[in-house]
Amino acid sequence: MGFLSTLLGIFGFGIGTSIGLLIGFFLFIYSKPKTVKEPVPRLLYELDNDQLLDILPDIPLWVKCPDYERVDWLNKFVADMWPYLDKAICAQIRSATKPMFAEYVGKYQIEAIEFDNLSLGTIPPEIHGLKVCETNEKELVLEPAVRWAGNPNIVLTLKLLSFRITIQLVDLQIFMAPRITLKPLVPTFPCFATVAVSLLGKPDVDFGMSILGGDIMAIPGLYQFVQKTIKRQVASLYIWPQALEIPILDPATVAVKKPVGILHVKVVRAQKLLKKDILGTSDPYVKLNLSGERLPSKKTTIKKRNLNPEWNEKFKLIVKDPGSQVLQLQVFDWDKVGNHDRLGMQFVPLKFLTPYETKEFKLDLLKHTDSYDPQDKKQRGKIVVELMYAPFRADSGKLDGTQDGYSRKESGFDRTSDSEVFGGAGLLSVLIQGAEDVEGERHNNPYAVVFFRGETKRTKMIKRTRDPVWNEEFHYMLEEPPLNEKIHIEVMSKRTGFSFRSKEHLGNVDINLTDVVHNGRINQKYHLIDSKNGVIHVAIKWVTA
């Protein structure tokens, strides 16, 4: 019975998954429903009670519930595609059931199990309504109501000893309400990387089964037993929050690398540097940055007229890929006029570091990246640095619940000892996702400006829109958690041409960061001050090493 339940689950879920993929691909393409020929209506008062009770279950959800939309255009598309979907789904069923059949061969005197016929018939599933759910995440959630009363031709042959037993599935009907999540939304066609399909409730599956020409479902009590077993088996696999995830795009092509830790760098000293000044000395300083980053380089102070400078200065750098990133160290001679001369450079791959272990490096400075250049004989001195890589803690920013649009962490903290509980350096990530209904008096070319601790960062400008989507993230490396601090965000508009009044204020918001520290993360839409209907969508995260 478990085998039969799993097989039927694959049939129904294969159909639901295929419909989910179709909805995902073509919901962006079809914007207007196609006109269809309406049936001849009958007045309800012309029907008696029995007739009303008979038709109520068949009334589509878009009639009963205003949250569901009518999608006749999608049903027309599925009907046109059904011959091809039939072959694709049947091929998937054969592939999925082949290893299952192999497990039974050799047991219970079974010699072989195979399909004689496998077709889903000529009647496609019908979508009785579609609901689109809005979330604060980078995803699109669809909830179609699917009904399928088909005419499949499914014949399974079981070779048992010298007997050949045929099992035929007839009159298959499946009613289910899947939840289809397209996530994450990415700027690469088809604009989502994964399809996750789950069921909001136990599906209704009705069928007949003929063995050797007789309907075994007529046996008293067997029909109810089979129905309960199938619902239990399918529910254990796919009832929400469990889901079947189907990858669409290669994660490597759409993945946006997020910070995973902090690199602590201490520039200790340099020795026997080159003489670049007329007086036989140099004014050295060190620039350091990580490969793959476009952030400005960190710089030490300048040590005037010193070939053996002592810095002992500490820096923190954001690490996104410790397996491939490299710390770049460059020593320059400061000049008041003209370009600064580079005295030497070196690299330290982060893969050589052990997490939480401080390691000292004494490095010979090179002219350029080719350390094996036979023409580079000049001694350029040494640089001494201490490095320690601290990955973010696994529980940092962990979310366990949701309340009032905020993701809460049930940690039982005591607010009277915040500095003790939440102390330590960390990374504040601010993601400006987008805005809605921002309207200027003279132009609508919105961009967002973030003000925090004296720093100003801004997103790109989106021209001629009231609903900009930025999806830009800014990082702040902090020595201590931003308790009792606020971050200020303004939405501005700028005229593309010359004008004395080129900028316009579209709204602003102040966000208290105390909740971010306590909860690890917030993801919320905020109403903009000084804006009639403007809303900005911001996600902020605090992680510590």
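Since this is a predicted model, take the numbers as computed values, not measurements. (Residues numbered from 1 in each chain as written. Predicted model: local features only at pLDDT ≥ 70, side-chain atom pairs only at ≥ 80, totals over all residues. Heavy atoms only, no water.)

### Things to note about the overall build of the chain
Along its length, the chain carries 8 helices and 28 strands. The proportion of buried residues among the 545 residues of the chain is 44%. On the chain, roughly 30300 Å² of surface is accessible, and the fraction owed to carbon and sulfur atoms is 52%. (Helix = DSSP H or I, 4+ residues; strand = E, 2+ residues; numbered from the N terminus. Buried < 20%, exposed > 50% of the residue type's maximum accessible area, 1.4 Å probe, protein only. Areas by Shrake-Rupley, 256 points an atom, 1.4 Å probe, with all protein chains shown as cover.)

### As for the pattern of salt bridges
Here the structure, examined in full by the defined rule, presents 18 salt bridges. A salt bridge links Glu 114 to Lys 159; its shortest N-O distance comes to 4.0 Å. With Glu 114 in strand S1 (residues 110–119) and Lys 159 in strand S4 (residues 153–160), this residue pair connects regions lying 45 residues apart in the sequence. A salt bridge links Arg 179 to Glu 143; the shortest N-O distance between them is 2.6 Å. (Salt bridge = Lys/Arg side-chain N within 4 Å of Asp/Glu carboxyl O.)

### Observations regarding the nonpolar core
Of all hydrophobic cores here, the largest spans 30 residues; its most connected members are Phe 115, Leu 172 and Phe 207. Where this core is concerned, the elements lending two or more residues are helix H4 (72–104), S1, strand S3 (140–149), S4, strand S5 (163–176), strand S8 (204–211) and helix H5 (222–238). Per element, the largest residue contribution to this core is 7 residues, and it comes from H4. Judged by nonpolar contacts, the second largest core, of 29 residues, contains Phe 474, Ile 489, Val 491 and Val 538. (Core = buried A, V, L, I, M, F, W, Y, C linked by side-chain atoms within 4.5 Å.)

### Things to note about the sheet that holds strand S16 (residues 341–349)
In a beta sheet, neighbouring strands pair by backbone hydrogen bonds and run either parallel or antiparallel. Taken together, the 4 strands give an open sheet; going across it, the order is S13-S12-S15-S16, and neighbouring strands pair in antiparallel fashion. Both outer strands of the open sheet, strand S13 (298–299) and S16, are each paired with one neighbouring strand and no more. Direction of pairing for strand S12 (residues 284–290) relative to S13: antiparallel, over a ladder of 2 bridges. Within S13, the position partnered with Leu 288 by the bridge is Lys 298. (Pairing = 2+ DSSP bridges.)

### Considerations on the sheet that holds strand S27 (residues 521–527)
Strand order across the open sheet formed by 4 strands is S24-S21-S28-S27, with antiparallel pairing between neighbours. Edge positions in the sheet fall to strand S24 (469–478) and S27, since each has one partner strand and no second. If you compare each strand with its neighbour and ignore which way they point, the axes differ by 15 degrees on average. In this structure, S27 lies alongside strand S28 (residues 535–544), joined through 7 bridges in antiparallel fashion. Within S28, the position partnered with Gln 524 by the bridge is Val 538. (Axes fitted to C-alpha atoms, helices over the stretch in contact; angles between N-to-C directions.)

### Re H4
Remark: the principal bend of H4, roughly 60 degrees, maps to Trp 82, with a proline, Pro 83, within the next four residues. Where H4 terminates, the next one or two residues include Gly 106, which has phi positive at roughly 95 degrees. (Bend = angle between axes of the 7 residues up to and from the residue.)

### Describing the packing of aromatic side chains
Counted under the stated rule, the structure contains 4 aromatic pairs. A centroid spacing of 5.8 Å and a plane angle of 20 degrees characterise the contact between Tyr 285 and Phe 332, whose relative ring orientation is stacked. Here Phe 332 lies in strand S15 (residues 326–333) and Tyr 285 lies in strand S12, a separation of 47 residues in the sequence. On the accessibility criterion, Phe 332 (12% relative accessible area) is buried. Sitting over the ring of Phe 175, Arg 147 keeps its end group 5.1 Å from the ring centre. In this structure, Arg 458 packs its charged tip against the face of Tyr 447, placed 3.9 Å from the ring centre. (Phe/Tyr/Trp six-rings, centres within 6.5 Å; stacked < 30°, edge-to-face > 60°. Lys NZ or Arg CZ within 6 Å of the ring centre and 35° of its normal.)

### Structural notes on the side chain of Glu 143
Considering the arrangement of structural elements, one finds Glu 143 in strand S3. For Glu 143, a relative accessible area of 3% puts it in the buried group. A polar contact is formed between the side chain of Glu 143 and the side chain of Arg 179, at a distance of 2.6 Å. Apart from the residues within four sequence positions on either side, Glu 143 is in contact with Tyr 68, Gly 129, Leu 130, Lys 131, Cys 133, Pro 178, Arg 179 and Leu 200. (Polar contact = N/O pair within 3.5 Å; in protein donor to acceptor, adjacent residues only side chain to side chain. Contact = heavy atoms within 4.5 Å.)

### Observations regarding unusual backbone geometry
Of note, the bond from Lys 183 into Pro 184 is cis; its omega dihedral lies within 30 degrees of zero at -25 degrees. Along the polypeptide, Pro 184 turns up in strand S6 (residues 178–185). In this structure, Asn 471 takes a positive phi of about 55 degrees despite not being glycine. A positive phi angle, near 60 degrees, is found at Asn 484, a position not held by glycine. Along the polypeptide, Asn 484 turns up in the loop between S24 and strand S25 (486–494).

### Let's talk about the pairing of strand S2 (residues 126–133)
As paired strands, S2 and S3 are joined by 7 bridges and run antiparallel to one another. Bridging from a neighbouring strand, Cys 133 pairs with Val 141 of S3. Between S2 and S3, which pair antiparallel in sequence order, lie 6 residues.

### Some points on the confidence of the model for the chain
When pLDDT is averaged along the chain, the result is 81, and 80% of the positions lie at 70 or above. Here strand S20 (residues 406–408) stands out as the least confident element of the chain, with mean pLDDT 34; strand S22 (residues 446–452) is the most confident, with 96. A low-confidence stretch, residues 397–417 stays under pLDDT 50, and its non-local contacts, those more than four residues away or across chains, total 35 contacts. (pLDDT = per-residue confidence, 0-100.)

### Some remarks on the environment of Gln 173
Examined against the element boundaries, Gln 173 turns out to sit in strand S5. Once residues lying within four places of it in the same chain are set aside, the contact partners of Gln 173 are Trp 148, Ala 149, Asp 204, Val 205 and Asp 206.

### Observations concerning the environment of Trp 470
Note on placement: Trp 470 falls in strand S24. For Trp 470, a relative accessible area of 2% corresponds to the buried category. In sequence terms Trp 470 and Ala 448 are 22 residues apart; their C-alpha atoms lie 8.5 Å from each other. Ignoring anything within four residues of it in the chain, the contact list for Trp 470 reads Ile 432, Gln 433, Gly 434, Ala 435, Pro 446, Tyr 447, Ala 448, Thr 459, Lys 460, Ile 462 and Val 491. Polar side-chain contacts of Trp 470 include one of 3.4 Å to the side chain of Thr 459.

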